[in-house]
Amino acid sequence: MDTSTSDLDNIFEEIKRLDLMQNFAELEAYGYTVIENLLPQATLETAREQILKIAAKQTGREPDLKTGKEHPDWRLIPYLMGRHSIFQEILLNEKTLALITYLLGYSCNLSSMTCHFKGPGEAGVLPLHCDTGMPAPLPPYSNVANVNFAMVDYTKEGGCLAVVPESHKFSRNPRPNEMALTGDNANPMAIPIEVPAGSAVIWHGNLWHGSYPRTIPGLRLNLAVYFARPWWRLQERYGDSLPAEVIERHGNNPRFRQLANLNETMGWQEEGPSFLNLKDGGANINAENIARRMRALNGSGWHA
Ligand SMILES: O=C(O)CCC(=O)C(=O)O
């Protein structure tokens, strides 16, 4: 039945079917949740191998997972989604996508898929922040949301993710004196997320998070999958800029199309909006088309 909460009804059913009720409750209460050991070993290894390969190309130095000596501190390895099918497979993981859909609706986009690539060194600390890039007060619902896959075991000394539980309810960014994760001014509300490689951490866009510096040898890798509601500016450019083989592989999947911004209709040029036919004097403007378009953008409720 089409009710005013049909999108919410659907995602709620999906969350129950996937046995994610505990994660759903944690997201609401604490602003984040962990699904341990989510990625199959082969997926984890392939993704990690690809990240190391791309990092070698980007930096001109061969990464050493055990020592990390060629790559101290922190660097970003961007634009991973289109670079290997394993990243597309991870993007479409039904469990993480179900929780993201609860937070952002079916119409959300992928904003970026990057690796925070961290070797030993104090400068590898990422201070507490939240990813909702707008002035306070932040809306109480998520405008953006993250899935952070641990590509190696996460430990505090290894430079793992840090979160401030319940900070999604503060509706603001941390102030400068609340951002530190090390030293005398370290925020006492922050906790380390220590989980095995292959686990996924999902959080509400208003949650304060960051990561500790790595104080032991080796590399700490994540896969940071960042999503946004469809009116938000996206960090990475997908849509028609994606490699043709990616569009060929997933272009018929409606969910992938929306995530990868293949349904974008903005940025009109002389030919006008693609959903109109200007030659026929805008013959496509009718109630049904407009309703379909509004539904794609807003849906019947805030969960669309
Ligand atoms: O895992 C990390 O190092 C932190 C990631 C982060 O801050 C982010 O994805 O916004």
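Everything below is about the structure shown above.
Residues numbered from 1 in each chain as written. Predicted model: local features only at pLDDT ≥ 70, side-chain atom pairs only at ≥ 80, totals over all residues.

### A look at the sheet that holds strand 1 (residues 32-35)
For clarity, the cut-off: For two strands to be treated as a pair, DSSP must find no fewer than two bridges joining them. Strands are runs of DSSP state E lasting at least two residues, helices are runs of H or I lasting at least four, and both sets are numbered from the N terminus onward. Lines fitted to the C-alpha atoms define the axes, with helices restricted to the stretch that makes contact. Angles between their N-to-C directions range from 0 to 180 degrees. Any pair of residues counts as being in contact when their C-beta atoms, constructed from backbone geometry, are within 7 Å of one another.
Strand order in the open sheet formed by 6 strands is 1-8-5-10-3-2, and the pairing between neighbours is antiparallel. Across the chains shown, the open sheet's two edge strands, defined by having one partner strand only, are strand 1 and strand 2 (74-77). The sheet shows a mean angle of 20 degrees between the axes of neighbouring strands, taken without regard to direction. Note: strand 5 (residues 144-150) against strand 8 (residues 200-204), 5 bridges, orientation antiparallel. Residue pairing in the sheet places Ala 145 in a bridge with His 204 of strand 8. Relative to the sheet, helix 2 (residues 21-30) contacts strand 1 and strand 8, its axis offset from that of strand 1 by approximately 150 degrees. Packed onto the sheet, helix 3 (residues 41-59) meets strand 2, strand 3 (109-118) and strand 10 (220-228) and runs at close to 105 degrees relative to strand 2.

### Comments concerning the sheet that holds strand 7 (residues 191-192)
Each strand in a sheet pairs with its neighbour through backbone hydrogen bonds, running either in the same direction (parallel) or in the opposite one (antiparallel). Across the sheet, 4 strands lie side by side as 4-9-6-7; this open sheet has antiparallel pairing. Of all strands in the sheet, those bounded by a partner on one side alone are strand 4 (126-129) and strand 7. Here 2 bridges tie strand 6 (residues 161-163) to strand 7, and the two strands are oriented antiparallel to one another. When the sheet's bridge partners are listed, Ala 162 is paired in strand 7 with Pro 192.

### Description of the site of the ligand
What counts, and what does not: We call a residue near a molecule or strand when its C-beta atom, built from the backbone, sits within 6 Å of it. Each residue receives one of three labels: charged for Asp, Glu, Lys and Arg, nonpolar for Ala, Val, Leu, Ile, Met, Phe, Trp, Tyr, Cys and Pro, and polar for the others, Gly being one of them.
Near the ligand the following residues occur: His 116, Leu 126, Asp 131, Asn 146, Asn 148, Leu 161, His 209, Gly 210, Ser 211, Asn 222 and Ala 224. Only strand 5, strand 9 (209-211) and strand 10 provide two or more residues apiece to the shell around the ligand. The biggest single contributor to the shell around the ligand is strand 9, with 3 residues. Looking at the shell around the ligand residue by residue, the classes come out as 3 nonpolar, 7 polar and 1 charged.

### A few points about the nonpolar core
To keep things clear, this is the line we draw: Buried Ala, Val, Leu, Ile, Met, Phe, Trp, Tyr and Cys residues whose C-beta atoms connect them within 7 Å together make up a nonpolar core. Three exposure classes are used, based on other C-beta atoms lying within 10 Å of a residue's own C-beta, which is placed from the backbone: buried for 20 or more, exposed for 12 or fewer, and partly exposed in between.
With 71 residues, the main nonpolar core has Ile 100, Met 151, Val 163, Ile 202 and Phe 227 as its most contacted residues. With 7 residues, the single largest contributor to this core is helix 5 (residues 94-104). Once residues within four sequence positions are removed from consideration, Ile 202 is found in contact with Leu 27, Tyr 32, Thr 33, Thr 96, Leu 99, Ile 100, Asn 146 and Val 147.

### Quick word on helix 3
Convention followed: Expected helix span is given by 1.5 Å per residue-to-residue step, counting one fewer step than there are residues. An arc is given here, and it is the one of the directions from the helix axis to the C-beta atoms.
Helix length check: helix 3 (19 residues) gives 27 Å between terminal C-alpha atoms against 27 Å at 1.5 Å per residue, within 8%. Every buried residue of helix 3 is listed here: Leu 44, Ala 47, Arg 48, Ile 51, Leu 52 and Ala 55. One face of helix 3 carries all of its buried residues, which in axial projection span an arc of 135 degrees. Across helix 3 from its buried face, at more than 90 degrees, point the exposed residues Ala 42, Glu 49 and Lys 57. Residue Gly 60 follows helix 3 closely and has a positive phi angle near 75 degrees.

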